[in-house]
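Here is how the chains run, residue by residue.
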Amino acid sequence: MSILTFLIPVTLCMGAIGLAAFFWSLRHGQYEDLSGDAERILHDDDAPLVPAHTPRPPVATKETTK
Amino acid sequence: MMSNLTGAERTTAMTIAGFGALIGLAMAAAGHGDPMGVHGWIVLAFFGVLFFIVASALYSPEPVEDRALSYYDDPTKVGIILALIWAVVGMFMGVWVASQLAWPDLRFEGAWSGFGRLRPVHTSGVIFGFGGNALIATSYHIMQRTSRARMPGQISPWFVLLGFNLFCILAASGYVMGVTQSKEYAEAEWYADIWLVVVWVVYFILYMRTLSRRNEPHIYVANWYYLSFILVVAILHIVNNLAVPASWTGAKSYSLFSGVQDAMTQWWYGHNAVAFFLTTGFLGMLYYFLPKRAGRPIYSYRLSILSFWGIVFFYIWVGSHHLHYTALPHWVQTLGMTFSVMLLVPSWASAGNALMTLNGAWGKVRDDATLRFMMMAAVFYGLSTFEGSFMAIRPVNGLSHYTDWTVGHVHAGAMGWVALITFGSIYALTPVLWRRETMYSWKAVEWHFWLALSGTVIYVFSMWNSGIIQGLMWRTYTETGTLKFSFVDSLVAMHPYYIARAFGGLLFLTGACICLWNVVMTILHVPQKAPELDYPTSSEAMEPALPAAE
Ligand code: HEM
Ligand code: HEM
């Protein structure tokens, strides 16, 4: 089953990419305001914005979990 | 469409199309006398048409307003229409092959129309043509809305969408000519595969660039689901299609792997394709359009993120459950089986989360067929993942494998989950995208819902019955220890179920045709709804849950 010496590393690499993405999301404040995040997609009645190069810091909403 | 492109962009588009046409010409010349030559002509025609579409509008007026102030929806619109056209074609093929199993004469003596050639046209047509176009189109919509930013570039979204459709056309036309790698869901030959890699890399870059321009600090969970779909499908596609072309002038290649090695690679690919093509992308759709349509946030956002990471880490290990009782080492089978059972947890977390979101809004579900499509999709998602985890247990698989039970499971997932969530999303998206008041006919949406649901139920129940009967007949012994039934006996027992399945499929296909008609009529005849703000989706909040009668 020499194929496993290929497929298992490939799979582990995919897992590692996933893990890296997960840690990135933890470090970059992705989970600070979950209920606000879930709510905000429902409101699109604000004016479109020009692309910002650095995302603005999260704005806390009333439903903030913290 | 063209009025959104500047002169320079039109020239770039023409250059790309011209270059593509040249490649087509080269393929046609080199592959003369081989199916690859025919494909060369198809490529040439495809890019030639695009070249002339752009060229004919080369000097028409250029965009005046600042494009960054609005979303780029043209490719999304085309993607939705293409998805529906593929749905009708792919499902028609499904009904045809289903009827061939009941009445084999429907092959009409042609080599091209044999079951073995049309079946992959069905599977690729619905999975890639219908599902893939719907995924690309909705991802364009969702990534821009949730990032509150326009896609970067005007050309790359078109390149991805049209390039992907070229791949689908090459795949489907190849199967009819007998071109195949004999790998399920990866039948297309080497040059089409290489083309898909190019398209897919551009898609990934486009998505990442849109996210990096976002004006919203948080990346909404639907984007994670779509991103995993794009990234993992790229890796799977490349690994499973590693092959050596027999020659550079013909559509024939040999896989780099052989025997059980090849089988393992194929099912490592195959199940991850189910996971990341037929599941995660559509979960992204569910997590965006269901809350939007219901007008309430997802029940537990935390759970949706947890189940995302759960699915990502569990799914990649389960491929070997397709190879129970084979030459594959026992421990690898056990590994696949164990992870398959664990997978039920994040799967049901998503299904439950979707249903809990609707809890308290049942009135809306009752009145709004669009929301009902999404609800039934979540129910079938829960059902098919439960069934899958059960079928992955080795002794159960001993009964189900090789039988129609597998086909029943597939379609509970494919029709009940994938197609229903897609139709629901298309009905939610169409008025928003074209800025129409409502769908042209809400009665047609209602009809479509009941046709789709009854078609799925008839299909799945007849396959469960026929599969279990088949499995049991094959393992029934007489007192003297010989097999009681011959294979032909089991075939005769299947016949009524095959007729029922073809009928169920016909209902489902009728629904898809109604959907295409309704979307086209909406675009043509429903009055425009002027957006209150400059903002494309501002109208949506005011959209009635129940579409008003036309
Ligand atoms: C109009 C409805 C449909 C009909 C009548 C239909 C019919 C069929 C038939 C007859 C087969 C071959 C089964 C066999 O080899 O015994 C098949 C296979 C398949 N179909 Fe469909 N189908 C329909 C819709 C769909 C949809 C919407 C999808 C996906 C989104 C889908 C995905 C598949 C897949 C993945 C297979 C291969 C299953 C396997 O190898 O086990 N089908 N279909
Ligand atoms: C927890 C989730 C799931 C598990 C554990 C699972 C498990 C399984 C198992 C054990 C088989 C039969 C393999 C065999 O005997 O050859 C199978 C086949 C299949 N399943 Fe699932 N399934 C799951 C969810 C889904 C979903 C949501 C879909 C969506 C459409 C799907 C599509 C398919 C397809 C297309 C096949 C047929 C492959 C082939 O033989 O061509 N599965 N699955």
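Residues numbered from 1 in each chain as written. Chains lettered and ligands numbered in written order. Predicted model: local features only at pLDDT ≥ 70, side-chain atom pairs only at ≥ 80, totals over all residues. Heavy atoms only, no water.

Help me understand the site of ligand 2, please; the structure alone is not making it clear to me.
Residue and element names in this part refer to chain B. Not every one of the 25 residues close to ligand 2 is listed here, only the nearest: Glu184, Tyr185, Asn397, His401 and His409. At a separation of 2.9 Å, an oxygen atom of ligand 2 approaches a polar side-chain atom of Asn397. Of all elements in the fold, only helix H8 (259-294), helix H13 (369-391) and helix H15 (404-434) reach the threshold of two or more residues within the shell around ligand 2. A breakdown of the residues in the shell around ligand 2 according to their chemical character gives 10 nonpolar, 14 polar and 1 charged. (Near = heavy atom within 4 Å. Polar contact = N/O pair within 3.5 Å; in protein donor to acceptor, adjacent residues only side chain to side chain. Helix = DSSP H or I, 4+ residues; strand = E, 2+ residues; numbered from the N terminus. Nonpolar A, V, L, I, M, F, W, Y, C, P; charged D, E, K, R; others polar.)

Is there a simple way to explain the state of the cysteines in this structure?
Joining two cysteines, a disulfide is a covalent bond between their sulfur atoms. All names here are of chain B. Taken as a whole and assessed by the stated rule, the structure comprises 0 disulfides over all chains. With no disulfide of its own, Cys168 lies closest to Cys515 among cysteine sulfurs, the gap being 18 Å. The thiol of Cys513 is not disulfide-bonded; the next cysteine sulfur, from Cys515, is found 9.8 Å away. (Disulfide = S-S within 2.5 Å.)

Explanation requested: the packing of aromatic side chains in the structure shown.
For any pair of aromatic rings, the description consists of the separation of the ring centres together with the inter-plane angle of the planes. Using the criterion set out here, one finds 44 aromatic pairs over all chains in the structure. Aromatic side chains Phe164(B) and Trp200(B) sit 5.9 Å apart centroid to centroid with 45 degrees between the ring planes, which places their arrangement in the tilted category. Of this pair, Phe164(B) sits in helix H5 (residues 155-176) while Trp200(B) sits in helix H6 (residues 190-212), placing them 36 residues apart in sequence. With relative accessibility at 5%, the residue Trp200(B) sits in the buried group. Linked through ring pairs, Phe22(A), Phe23(A), Trp24(A), Trp224(B), Tyr225(B), Tyr287(B), Phe308(B), Trp309(B) and Phe313(B) together constitute an aromatic cluster. Seen from the ring of Tyr254(B), Lys252(B) lies directly overhead, with NZ or CZ sitting 4.8 Å from the centre. A cation over a ring is seen here: Arg372(B) above Phe449(B), with NZ or CZ 5.0 Å from the ring centre. (Phe/Tyr/Trp six-rings, centres within 6.5 Å; stacked < 30°, edge-to-face > 60°. Buried < 20%, exposed > 50% of the residue type's maximum accessible area, 1.4 Å probe, protein only. Lys NZ or Arg CZ within 6 Å of the ring centre and 35° of its normal.)

Help me understand the environment of Pro152(B) in this model?
Position of Pro152(B) relative to the elements: it lies in the loop between helix H4 (115-147) and H5. With sequence-adjacent residues up to four places away left out, Pro152(B) is seen in contact with Leu206(B), Arg209(B), Thr210(B) and Arg213(B). (Contact = heavy atoms within 4.5 Å.)

I would appreciate a short explanation of the environment of Phe52(B) in the present structure.
Note that Phe52(B) resides in helix H2 (residues 35-56). Residues Phe52(B) and Ala17(B) lie 35 residues apart in sequence; the distance between their C-alpha atoms is 9.1 Å.

How should the coordination of the iron atom of ligand 1 be read in this particular structure?
Between any two of four tetrahedral donors, the ideal angle at the metal is 109.5 degrees; between two of six octahedral donors, it is 90 or 180 degrees. Residues and elements named next belong to chain B. Protein coordination at the iron atom of ligand 1: the donors are His122 (NE2) and His411 (NE2), at 2.0 Å from the metal. For the iron atom of ligand 1, the 6 donor atoms in the first shell make angles of 86 to 179 degrees at the metal, so the coordination geometry reads as octahedral. With His122 in helix H4 and His411 in helix H15, this residue pair connects regions lying 289 residues apart in the sequence. Residue class for His122 comes out buried when judged on its relative accessible area of 13%. (Donors = N, O, S within 2.8 Å, 3.2 Å for Na, K, Ca; no water. Tetrahedral: all angles 85-135°; square planar, octahedral: opposite > 155°, others 65-115°.)

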